[in-house]
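Observations on the three-dimensional arrangement
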Amino acid sequence: MSTYRVHYIQHVPYEGLGYIEKWVKDNGYSLTVTKVFEDYKFPDQDDFDMLVIMGGPMGTYEEDSYPWLKDEKLFVRKAIDSDKAVLGICLGSQIIANALGAAVYPNKEKEIGWLSISFVDKESQDLFGSETVSPIVFQWHGDTFDLPVGTKLLASSEACVNQAFSYKEKVIGLQFHFEATEKSCADILNNSDEELVGGKYIQSEDYIRKNTQYIPSCNKMIETILNKLIRL
C-alpha cells in the first residue's frame, strides 16, 4: 500500500500544524505544504489524499487584500469535489464554508481562549471521541459563517452557533483549535495579543498561558477525527 499523503495550507508563519504534525510523523505519512504568504503553487489533486487548511487572522471576504484567497477557495472546492478528506481549522473552516457557497462575516462576539463548545447530539460527540458533551477547546476567532447547504452541524457555543460541521462525511470544518500545543498557543499569543482587548468571551493572556491542561484532550479529539477521515 502506498504512503498516505497529507497536504496542508498555511496562511501565516505562526499558525502551523501543531499536533497534526506529530500525528503525521507518528504514522509515517508524507507531508507537503502550500504557504500562501510565500511564492506558492497548489498541488495537483492527484498528489495528495488529505487536505488540511489552517487558521489565520484574515477574513475570507478580504480578497482585495489577500488575492490568494480566490485561488485557495477554488482549490479547496476542487478537493471537495474530488472526494478528498478535507479538514479546515478556524479560517480553514470558514474557507470551506465559503467554498461551499455560504456567507462568512464578523460574529457579534469574538471568542479567544479556553472556552467550551457543546456537541449537538451523541453521534457528534462520538465522532470526536469526546468524554464529555461540552469539552473545553482553544478558540481564537472573530468571524462566523452560515451553515452551507448539505452540511451537518456538529457543535455550537454560547457565542457562536456554527462551531463545527461535516459535509458528505469526508469534509469537516472546526472553528476552534483541537491541534493546539503549548508552542502553537504561545505563537498565536506572541503575534496576535493586540486582539486581547476585553470582551465577554475574550480571556486574558495570563489565563490562556496558564491553562494549557486542556491540550491533551483537544489533541486526542483531533487525532480521533483524523484517523476516521483517512478510513473513509
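These notes cover the structure that comes with them. None of these values were measured; they are calculated from a predicted model.

Take the nonpolar core next. Residues Ile20 and Leu87 are the most contacted members of the largest nonpolar core, which totals 44 residues. Among the elements that line this core, the one with the most residues is helix H7 (residues 215-231), at seven residues. In this view, Leu87 contacts Ile20, Leu51, Val52, Ile53, Ile96, Ile172, Leu174, Ile222, Ile225, Leu226 and Leu229; residues no more than four positions away in its chain are not counted.

What follows covers empty space enclosed by the protein. In total, this model carries one cavity of 30 Å³ or more according to the counting rule given. Roughly 60 Å³ of internal volume is contained in the largest cavity. Along the walls of the largest cavity sit Tyr14, Glu15, Gly16, Met54, Gly55, Phe138, His177, Glu179, Ser184 and Ile188, which together make up its complete lining. In terms of residue class, the lining of the largest cavity is built from four nonpolar, four polar and two charged.

What follows is about the packing of aromatic side chains. One pass over the full model with this rule turns up 13 aromatic pairs. For the pair Trp114 and Phe138, a centre-to-centre distance of 5.0 Å together with 45° between the ring planes defines the contact as tilted. Of this pair, Trp114 sits in strand E5 (residues 104-116) while Phe138 sits in strand E7 (residues 136-145), and the two are 24 residues apart along the sequence. Where Phe145 meets Phe165, the ring centres are 5.4 Å apart and the plane angle is 75°; that geometry is what we call edge-to-face. Taken together, the residues span a long stretch of sequence, with Phe145 in strand E7 and Phe165 in strand E9 (residues 164-167) at a distance of 20 residues. Under the relative-accessibility criterion, Phe145 is labelled buried at 1%.

What follows concerns helix H5 (residues 182-192). Restricting attention to buried positions, one finds in H5 the residues Ser184, Cys185, Ile188, Leu189 and Ser192. One face of H5 carries all of its buried residues, which in axial projection span an arc of 135°. For H5, the exposed residues set more than 90 degrees away from the buried face come down to Glu182 and Lys183. Residues of H5 that are buried make contact with E5, E7 and helix H6 (205-210).

Time to look at the sheet that holds strand E1 (residues 5-10). What the eight strands build is an open sheet, ordered E2-E1-E3-E4-E10-E9-E8-E6; its pairing is mixed. Each having just a single partner strand, strand E2 (30-35) and strand E6 (118-119) make up the two edges of the open sheet. With four bridges joining them, E1 and strand E3 (residues 50-53) adopt parallel strand pairing. Paired with Ile9 across the two strands is Ile53, which belongs to E3. Against the sheet, helix H2 (residues 68-81) makes contact with E1, E3, strand E4 (85-89), E9 and strand E10 (171-174), and its axis sits at roughly 145° relative to E3, the strand it touches most. Contacting E3, E4, E6 and E10, H7 runs over the sheet at an angle of about 155° to E4.

A separate point is the pattern of salt bridges. All chains considered together, the criterion is met by 14 salt bridges. Glu21 is the partner of Lys25 in a salt bridge, and the nearest nitrogen-oxygen pair spans 3.2 Å. Separated by four residues within a single helix, Lys25 and Glu21 lie in helix H1 (residues 19-27), roughly one turn from each other.

Cut-offs used in this document
Residues numbered from 1 in each chain as written. Predicted model: local features only at pLDDT ≥ 70, side-chain atom pairs only at ≥ 80, totals over all residues. Heavy atoms only, no water. Core = buried A, V, L, I, M, F, W, Y, C linked by side-chain atoms within 4.5 Å. Buried < 20%, exposed > 50% of the residue type's maximum accessible area, 1.4 Å probe, protein only. Helix = DSSP H or I, 4+ residues; strand = E, 2+ residues; numbered from the N terminus. Contact = heavy atoms within 4.5 Å. 1 Å grid on protein atoms, 1.4 Å probe; cavity = no way out; pocket = protein on both sides within 12 Å on 5 of 7 lines; lining within 4 Å. Points joined across faces, edges and corners; volume = space filled by probe spheres on them. Nonpolar A, V, L, I, M, F, W, Y, C, P; charged D, E, K, R; others polar. Phe/Tyr/Trp six-rings, centres within 6.5 Å; stacked < 30°, edge-to-face > 60°. Arc of directions from axis to C-beta. Pairing = 2+ DSSP bridges. Axes fitted to C-alpha atoms, helices over the stretch in contact; angles between N-to-C directions. Salt bridge = Lys/Arg side-chain N within 4 Å of Asp/Glu carboxyl O.

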